[in-house]
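Descriptive analysis of the structure
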Amino acid sequence: MPSAAVAGALETLGPGPAGWAVQIAEDIAGEILEHVPRHGGGQGPVTTLRRSTESAVLAALRLLVSDSPGRVSDLTEETLEGCREFARRGIPLDQVLRGVRLGHARLAHDLAAAIEEHVEADQRLTELRRVNDLLFRYADSHASIMAEEYIAERDRWRGSDEAARRAIIDEVLAGRPVDTQTAARRLHYDISRTHVAAILWCDDTGGSPPPAERLHRTAMAMARTMEAAGMLLIPADNTSAWVWFTLADEDTPGRVEHLRDRLDRPRDVRAALGPSAAGLPGMRRSHLGALQAERIARLSGHWLCDYQEVRLVALATAEPEHAHWFVQDVLGPLASGGERVRELRETLRVYLAEERGLRTAADRLHVARNTITYRVKRAEELLPPATTTAGNSLELRLALEIAQHLPT
């Protein structure tokens, strides 16, 4: 689903220019992350940066095509919220403004290239001057308002209880020493117990209720379903939250299946769970596992992803490009897209996971045993000559697991 900024741009610019702007915004975000790495730091911050960049580029393009550009000082809410998040995360103002300068420089360069390609030669100089003048005023106003918004949010944030709680959590996640009594008192959370961390995020930031309320409702519903003895929720950014649940008893098998069976799937909210672990080190350990589960969930589209179920895939896909190469080398044509090939691939995966048990594989997939036999034979025909299903076939099983979660 396109963002509100993209949906609005499609109406005023049309699909071609809007698509061009979205791609340019993606490139700008990548360039900012390369030169100012502190803008990153996880899927949530990167998503916020991309939304901010996308809305700013689309706003600039609408100004350029408007017959009466109006005020260049108006910034989008996505851009302002991104600035507020930078302040809450403690990114220095000079680095925030450097990101703004990088973005505008890249946009000016790409617009100049577009003018060179699409504008008649006798009109290019006039158009370049018009575009450069408007972009200069837009960039100057953009930087000034961003600085004002940043300072206001930084001053508000420094005196808030939310900031004190986030500071403690940042220390815990960095693995630095923390006074446990002070931490427990400030967080209003029993840090000595066994924890399960979760990361919640909204795919759609529009609509009602707002993302923060949806995240809180989902966390509360998960706590009730898990019969948690306590819950700690820390906003990570405007679209995601970090959550810890204290378990009433030691973690028991089937916890995730219980959540999937009993919890109504929340609208536009997804969740990733870490492994259960105890004490302050356990809070960090479980959160890091949840981050890996979140990465896999964003690739696979799962609404509830548990680290325990995907930890092998998480380990094997730490370098996504290498993981894709590995899958292509091992599976060959069986790694291709299409519903039919995915069905064959999944059948072979389950068949090998069930130690080649036709009956158990058929039960898991709810098909006849003859169907399993046929699909396995067809899947084997698609494998490269160097890949075999005989023996332990560790590489084949790993490639099939990775393919289940990575987009083809």
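Here goes a summary of the coordinates provided. What you see is a predicted model, and the numbers here were worked out from it, not measured in a lab.

Here we look at the pattern of salt bridges
- All chains considered together, the criterion is met by 30 salt bridges.
- The salt bridge partner of R298 is E294, with a shortest N-O separation of 3.0 Å. Here E294 and R298 lie together in helix 11 (residues 279–300), a separation of four residues that amounts to about one turn.
- R298 sits in the partly exposed class, given a relative accessible area of 24%.

Observations concerning unusual backbone geometry
- Although it is not a glycine, E227 sits at a positive phi angle of roughly 55°.
- Inspection of the secondary structure puts E227 in the loop between helix 9 (211–226) and strand 2 (228–237).
- Using a relative accessible area of 62% as the deciding quantity, one classes E227 as exposed.
- In this model, H366 sits at a positive phi of 60°, which is unusual for a non-glycine residue.
- When you line up the elements, H366 lands in the loop between helix 15 (358–365) and helix 16 (369–382).
- Looking at H366, the relative accessible area reads 72%, which means it is exposed.

A short note on the state of the cysteines
- This model, assessed by the stated rule, comprises zero disulfides.
- With no disulfide partner, C202 has as its closest neighbouring cysteine sulfur the one in C305, 17 Å distant.
- The exposure class of C305 is buried, given its relative accessible area of 1%.

Conventions and cut-offs
Residues numbered from 1 in each chain as written. Predicted model: local features only at pLDDT ≥ 70, side-chain atom pairs only at ≥ 80, totals over all residues. Heavy atoms only, no water. Salt bridge = Lys/Arg side-chain N within 4 Å of Asp/Glu carboxyl O. Helix = DSSP H or I, 4+ residues; strand = E, 2+ residues; numbered from the N terminus. Buried < 20%, exposed > 50% of the residue type's maximum accessible area, 1.4 Å probe, protein only. Disulfide = S-S within 2.5 Å.

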